[in-house]
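One-letter residues, chain by chain:
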Protein chains: 4
Amino acid sequence: MVEKIARFMRANDKVAVWLNIDVLSAKIGYAKMGMTIRADMLNAADMCQGGALFSFADFAFAVASNSRGTLALATSADIHFTNPAFLGDRLIAEAQELQRTKRTGFYQITVTRESDGKLIALFSGNVFIKEEHIKAG
Amino acid sequence: MVEKIARFMRANDKVAVWLNIDVLSAKIGYAKMGMTIRADMLNAADMCQGGALFSFADFAFAVASNSRGTLALATSADIHFTNPAFLGDRLIAEAQELQRTKRTGFYQITVTRESDGKLIALFSGNVFIKEEHIKAG
Amino acid sequence: MVEKIARFMRANDKVAVWLNIDVLSAKIGYAKMGMTIRADMLNAADMCQGGALFSFADFAFAVASNSRGTLALATSADIHFTNPAFLGDRLIAEAQELQRTKRTGFYQITVTRESDGKLIALFSGNVFIKEEHIKAG
Amino acid sequence: MVEKIARFMRANDKVAVWLNIDVLSAKIGYAKMGMTIRADMLNAADMCQGGALFSFADFAFAVASNSRGTLALATSADIHFTNPAFLGDRLIAEAQELQRTKRTGFYQITVTRESDGKLIALFSGNVFIKEEHIKAG
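Trainee: Any chance you could explain the interface of chain B and chain C here in plain terms?
Mentor: One frequently used descriptor of interface size is the decrease in accessible area upon assembly of the parts. In this assembly, nine residues from chain B lie in contact with nine residues from chain C. At the level of secondary structure, the elements contributing two or more residues to the side of chain B that touches chain C comprise β3 (70-81), β4 (90-100) and β6 (119-133) of chain B. The element that contributes the greatest number of residues to the side of chain B that touches chain C is β6 of chain B, accounting for three residues. Here the side of chain B that touches chain C is built from residues that sort into four nonpolar, four polar and one charged.

Below is the structure:
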């Protein structure tokens, strides 16, 4: 069930398509993703653009927070950029559920570089949970 | 000078290229941008993806914070999603400088829908200012 | 009604009591407060302690978000410290409602110094709105 | 040295004095604190006031970020309230350093309840590091 939702979201979230994110694992309240930095994800200083890092973490957040099948909408998120990432770096995003009530959820996502395990960004996000279910196919 | 920096950043920030952001105005500590939501910026719920909104605001933030010509690197940012935006919506991002010291800066960016002026997202970001200058061409 | 809620909250929020916050105005989705920095609000660097500034802004946020009489609980908040404040400074906190749905709300609070209008801190906060009403006396 | 700084900050941060925070451990880039919720830390809903939780976490953040003896000033912080805490609860704040450069630092602080280990709040904060040293006595 969780994997079906993850597959549906991966196919239909156009930014995940653009970033070519790999869904490595998806469980209730959890998601792990991979992404390799391409030339078209760089900013004018030749580092991975902050919005690309945000979008990568955000997609892991979306899958983890929607994993129960009820529609979860992000209300806010913050990101701290702790180390720069560069062309060709393989990044891993791991989303954990820190809180979940009937109508709210709070998640933290780490983005690390696979080669040396360095923390590239730390992301946290809040969702509001709607009554409706995800139409996952 | 500010406009030269903005043009350089617009050409070399690959995510700004992908989003096809229009630089409407760039002054010292200020930037205004436009963007129209395309089908490939939607999430699985057919709303503008959060990462695309973040990236749009982030680019206005980058131009405003680098407008003096000294390299400003984002250390953190947060975004609140206040209203959903949809396919075809024309969005305006406006970045203002709320604080600037020799080594730090703090900016707030509003993202509004042009047709009705509704606030779509509120973004704020911190930069650390390096000694080096932007190579703007 | 809003003023009754504000009076009740001011009397029963023990941190507002400790900070001796003045409720200057309270309307639906809006609150304005005053506070004067005392010696026992300073940190080890003799500036107004960040937690005291946060608590001041947080109380304006609480009054604005509870102004409709339905219980609003803070889920998250962030604060940016833009200028230091010192012993004897008179501060003004002004809370505005940027978003309100049936179950969520988002508020931004400015903390300025009365004497020169300088921005001391910018605070934003999210609430989750419960079904129950505030027992305001 | 770190312990001397922590003792100095604990004695001179007036909000730490008011909250009666116990310094349990202080190392380079790390701090652990304890606090017991008193009646005068409650809000109008009889839960621990958000500003009191923020101030508690903020003090652990201040000690960890100043532990090297160079003055670190908070530029921004955010807090997520994950579970309510009540009168008499014993809370533990633990601050970890996630990033440190010459001029910037980023810290995350967990606030948990000692009796059941539940996460009460998650706090993160950024500092700007000045050239001057802390006058720790």
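Trainee: Explanation requested: the interface of chain B and chain A in the structure shown.
Mentor: The interface of chain B with chain A comprises 28 residues on the first partner and 28 residues on the second. For the side of chain B that touches chain A, the secondary-structure elements that each account for two or more residues are α1 (2-12), α2 (14-19), α3 (50-65) and β3 of chain B. With eight residues, β3 of chain B is the single largest residue contributor to the side of chain B that touches chain A. Of the residues contributing to the side of chain B that touches chain A, the split by class is 14 nonpolar, nine polar and five charged. Of the strand pairs in this sheet, strand β3 (residues 70-81) of chain A and β3 of chain B are connected by five bridges, and their pairing is antiparallel. Within β3 of chain B, the residue paired with A77 of chain A across the bridge is I79 of chain B.

Trainee: Would you explain the pairing of strand β2 (residues 30-36) of chain B in this entry?
Mentor: A regular strand places its side chains on the two faces of the sheet in alternate fashion. All names here are of chain B. Burial along β2 is one-sided: the residues A31, M33 and M35 are buried and none of Y30, K32, G34 and T36 is. Strand direction decides the pairing type here: strand β1 (residues 22-27) and β2, joined by five bridges, are antiparallel. Within the sheet, the bridge partner assigned to V23 lies in β2 and is M33. Joining the antiparallel neighbours β1 and β2 is a turn of two residues, in which G29 adopts a positive phi near 70°. Pairing analysis gives seven bridges linking β2 to β4, with the strands arranged antiparallel. When the sheet's bridge partners are listed, Y30 is paired in β4 with Q96.

Calculation criteria
Residues numbered from 1 in each chain as written. Chains lettered and ligands numbered in written order. Predicted model: local features only at pLDDT ≥ 70, side-chain atom pairs only at ≥ 80, totals over all residues. Contact = placed C-beta atoms within 7 Å. Helix = DSSP H or I, 4+ residues; strand = E, 2+ residues; numbered from the N terminus. Nonpolar A, V, L, I, M, F, W, Y, C, P; charged D, E, K, R; others polar. Pairing = 2+ DSSP bridges. Buried ≥ 20, exposed ≤ 12 C-beta atoms within 10 Å, placed from the backbone.

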